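What follows is each chain in one-letter form.
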Amino acid sequence: MMKYFKVTLIALLISTASYTHLFAQKFEELGQTPPMGWNSWNTFQTKIDEPLLKGMVDAYVASGMRDAGYTYFVLDDGWMAMDRDNNGNLVADPKKFPNGMKEFADYVHSKGLKFGIYNCAGTKTCAGYPGTHGYEYQDARLYASWGVDYLKFDWCNTDSINARDAYTTMSKAIRAAGRPMIFSLCEWGNHQPWLWAKNVGQLWRTTSDIHAGFDKDLSNGSWSSYSVMHILDLQNPIRQYAGPGHWNDPDMLEVGNGMTYSEDKAHFSLWCMLAAPLIAGNDLRKISEQTKAILTNKEVIAVDQDSLGVQGFKYYSFDGLEIYVKPLKDNSLAICFLNRSSRQQNIYFDWKEHTLVDAIAKLDIDFGKTNYSMRDLWTKKDIGTTAKAFKQTIGAHDVVMLKLSKQ
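Cut-offs and rules
- Residues numbered from 1 in each chain as written.
- Predicted model: local features only at pLDDT ≥ 70, side-chain atom pairs only at ≥ 80, totals over all residues.
- Heavy atoms only, no water.
- Core = buried A, V, L, I, M, F, W, Y, C linked by side-chain atoms within 4.5 Å.
- Buried < 20%, exposed > 50% of the residue type's maximum accessible area, 1.4 Å probe, protein only.
- Contact = heavy atoms within 4.5 Å.
- Axes fitted to C-alpha atoms, helices over the stretch in contact; angles between N-to-C directions.
- Helix = DSSP H or I, 4+ residues; strand = E, 2+ residues; numbered from the N terminus.
- Parallel < 35°, antiparallel > 145°, perpendicular 65-115°, else oblique.
- Left-handed = near helix turned anticlockwise from the far one by under 90°.
- Nonpolar A, V, L, I, M, F, W, Y, C, P; charged D, E, K, R; others polar.
- Disulfide = S-S within 2.5 Å.
- Polar contact = N/O pair within 3.5 Å; in protein donor to acceptor, adjacent residues only side chain to side chain.
- Pairing = 2+ DSSP bridges.
- Salt bridge = Lys/Arg side-chain N within 4 Å of Asp/Glu carboxyl O.

Now for the nonpolar core. Across soluble globular proteins, you tend to see nonpolar side chains buried next to one another. By size, the foremost hydrophobic cluster in this structure holds 105 residues, and its most contacted members are Tyr70, Phe73, Trp79, Met101, Phe104, Phe268 and Trp271. What Tyr70 contacts, discounting residues up to four positions off in sequence, is Met36, Gly37, Tyr60, Met65, Leu113, Phe268, Leu278, Leu295 and Ile301. With 21 residues, the next largest nonpolar core counts Phe337, Ile394, Val400 and Leu404 among its residues.

Glancing now at the packing of helix α3 (residues 50–62) against helix α4 (residues 100–110). Describing two packed helices takes the angle between their axes plus the distance from one axis to the other. At a closest axis distance of 10 Å, the pairing of α3 and α4 adopts a crossing angle of 15 degrees. Put simply, α3 runs roughly parallel to α4. Pair α3 / α4 crosses with right-handed handedness. Listed contacts from α4 to Glu50, Leu53, Lys54, Val57 and Asp58 of α3 are Gly100, Glu103, Phe104, Tyr107 and Val108. Across the contact of α3 with α4, the residue classes break down as 5 nonpolar, 1 polar and 4 charged.

In total, this model carries 1 disulfide according to the counting rule given. Between the sulfur of Cys126 and that of Cys156 lies a disulfide, 2.0 Å long from S to S. Judged by the sign of its S-S torsion, about 95 degrees, the cystine formed by Cys126 and Cys156 is right-handed. Of this pair, Cys126 sits in the loop between β3 (114–120) and α5 (136–146) while Cys156 sits in the loop between β4 (150–154) and α6 (163–177), and the two are 30 residues apart along the sequence. Since its relative accessible area comes to 38%, Cys126 is described here as partly exposed. Free of any disulfide, Cys120 has its nearest cysteine sulfur in Cys126, 4.8 Å distant. For Cys120, a relative accessible area of 0% corresponds to the buried category. Left unpaired, Cys272 is separated from the closest cysteine sulfur, that of Cys336, by 9.5 Å.

Along the chain, the position of Asp76 falls in the loop between β2 (72–74) and α4. Relative accessible area serves as the criterion here: at 2%, Asp76 is assigned to the buried category. At 2.7 Å, the side chain of Asp76 forms a polar contact with the side chain of Lys152. Not counting residues up to four positions away in its chain, the partners in contact with Asp76 are Asn39, Ser40, Trp41, Ile48, Tyr118 and Lys152.

Relative to strand β20 (residues 398–406), strand β13 (residues 333–339) runs antiparallel, the two being bridged by 7 bridges. For Cys336, the partnering residue across the bridge sits in β20 and is Met401. Alignment of strand β17 (residues 372–376) against β20, held across 5 bridges, turns out to be antiparallel. The residue bridging Asp376 from the neighbouring strand is Leu402, located in β20.

Right, let's talk about the environment of Ser184 for a bit. Along the chain, Ser184 turns up in strand β5 (residues 182–185). On a C-alpha basis, the gap between Ser184 and His246 in space is 9.9 Å, while along the polypeptide they are 62 residues apart. Discounting chain neighbours no more than four positions away, the residues touching Ser184 are Tyr150, Leu151, Lys152, Phe153, Leu203 and Asp249.

Taken as a whole, this structure holds 21 salt bridges when the rule is applied. We note a salt bridge from Asp139 to Arg84, for which the minimum N-O separation is 2.9 Å. Taken together, the residues Asp139 in helix α5 and Arg84 in the loop between β2 and α4 connect sequence positions 55 residues apart. Asp149 is paired through a salt bridge with Arg179; the nearest N and O atoms lie 2.7 Å apart. Taken together, the positions of Asp149 in the loop between α5 and β4 and Arg179 in the loop between α6 and β5 put the pair 30 residues apart, joining distant regions of the chain. One connected set of salt bridges, linked through shared partners, spans Asp233, Lys314, Glu322 and Arg340.

If you trace the 8 strands from one edge of the open sheet to the other, you get β9-β6-β5-β4-β3-β2-β1-β10, paired in parallel fashion. Only two strands of the sheet have a single neighbouring strand rather than two, namely β9 (247–249) and β10 (278–280). Across the sheet, the mean angle separating the axes of adjacent strands is 25 degrees when strand polarity is ignored. For strand β1 (residues 36–39) and β2, the ladder comprises 3 bridges, and the chain directions are parallel. Bridging across to β2, Asn39 finds its partner in Val74. Packing of α4 onto the sheet brings it into contact with β2 and β3, and relative to β3 it is tilted by some 140 degrees.

Once that is clear, we can look at the sheet that holds β20. Strands sit in the order β11-β12-β13-β20-β17-β18 across an open sheet of 6 strands; the sheet is antiparallel. In this open sheet, the two strands that pair with only one neighbour each are β11 (313–318) and β18 (381–385). On average, each strand axis in the sheet is tilted by 25 degrees relative to the strand beside it, whichever way the strands run. Contacts from helix α8 (residues 261–273) reach β12 (321–327), β13 and β20 within the one sheet, and its direction differs from that of β20 by about 35 degrees.

The subject of this paragraph is the packing of α5 against α6. Interaxial distance between α5 and α6 falls to 8 Å at its minimum, and their mutual angle equals 45 degrees. On the basis of their axis angle, the class for α5 and α6 is oblique. The way α5 lies across α6 gives a crossing that is right-handed. Contact residues: α5 offers Glu136, Tyr137, Ala140, Arg141 and Ala144, while α6 offers Thr169, Met170, Lys172, Ala173, Ile174, Ala176 and Ala177. Of the residues assigned to the contact of α5 with α6, the class counts are 8 nonpolar, 1 polar and 3 charged.

No statement about biological role is implied by the geometric values presented.
Encoded structure:
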């Protein structure tokens, strides 16, 4: 009897493990650091085609972005025909992609990149193309057959659809299709995905769409695109929900899309402090040396990609000057001084008068007792230690970003 019980128990455990694996909702190994890549929307919207995008893939590699850690090449809305085929399958627009989507995915992969694609939880995408509602498993199988590595899943035309159910269904469909894919929930934060999406996807949007504006929103009639500063201000209260494999997504990068050099540098620095996904959206064929230098600064990128996976927090704010802190592995820190004001300001920060405490990272630093060496991540120079007060002039809409290493 005891032998029979042991055999039955073992069989039950094996069965339970198999059942759990079968219905697991996402590929846990993906997105252990914030995904990095490029997306077609911010510059081209739906005006995309195969020759343009192959040129963009080539420019991606030539720019040095791939070598700096950017991995994904993501097609946004507008890639598909307006109707499904007779079998209900999505079809790549034959005029835009005459060789089909599998051939384009193969081209992306041949350049050492991973391929991403877009659809929507609603009946139609935001631009009016066929949505995935009711076709989740069929679409996931199709994407897997094309070699898709990343799915951005939007939230337009979703009247009467439950967000949590819709995204969970698509997550299960991706898992059932069998090909590991990053699942990006682009639900705009309307239904607080940070509370429920940890096991559903690797990242979730936290706000409305971004636009290339530093501190002024852009009205689109019935809704507004948010500025970099507006989005930044919404991240601190939800930082505890981010971590390896599950990231808050404050939307794509607007670096190179019309802001000033200082504003682009501030935008990029702060997204790295937030442990945000770094998804560029500029025209890579026309990338300036300044933009390239921002997007490929490996020392700043390393802050974003730090394996500790802690989202930074706002430590100080006064008269337009703010200080952000991001705990890093090996007991080091990233510190970002931000000047939100439209005038030049002087930084005077006496480290010995400050302690940094963060329950999320179990951080408790008294600079009066512990000394750190300092490195400026934009000038790429070592600049002394925290034994002396930090003094520097900071321009309007600019940042100073430091890495502090324990001595």
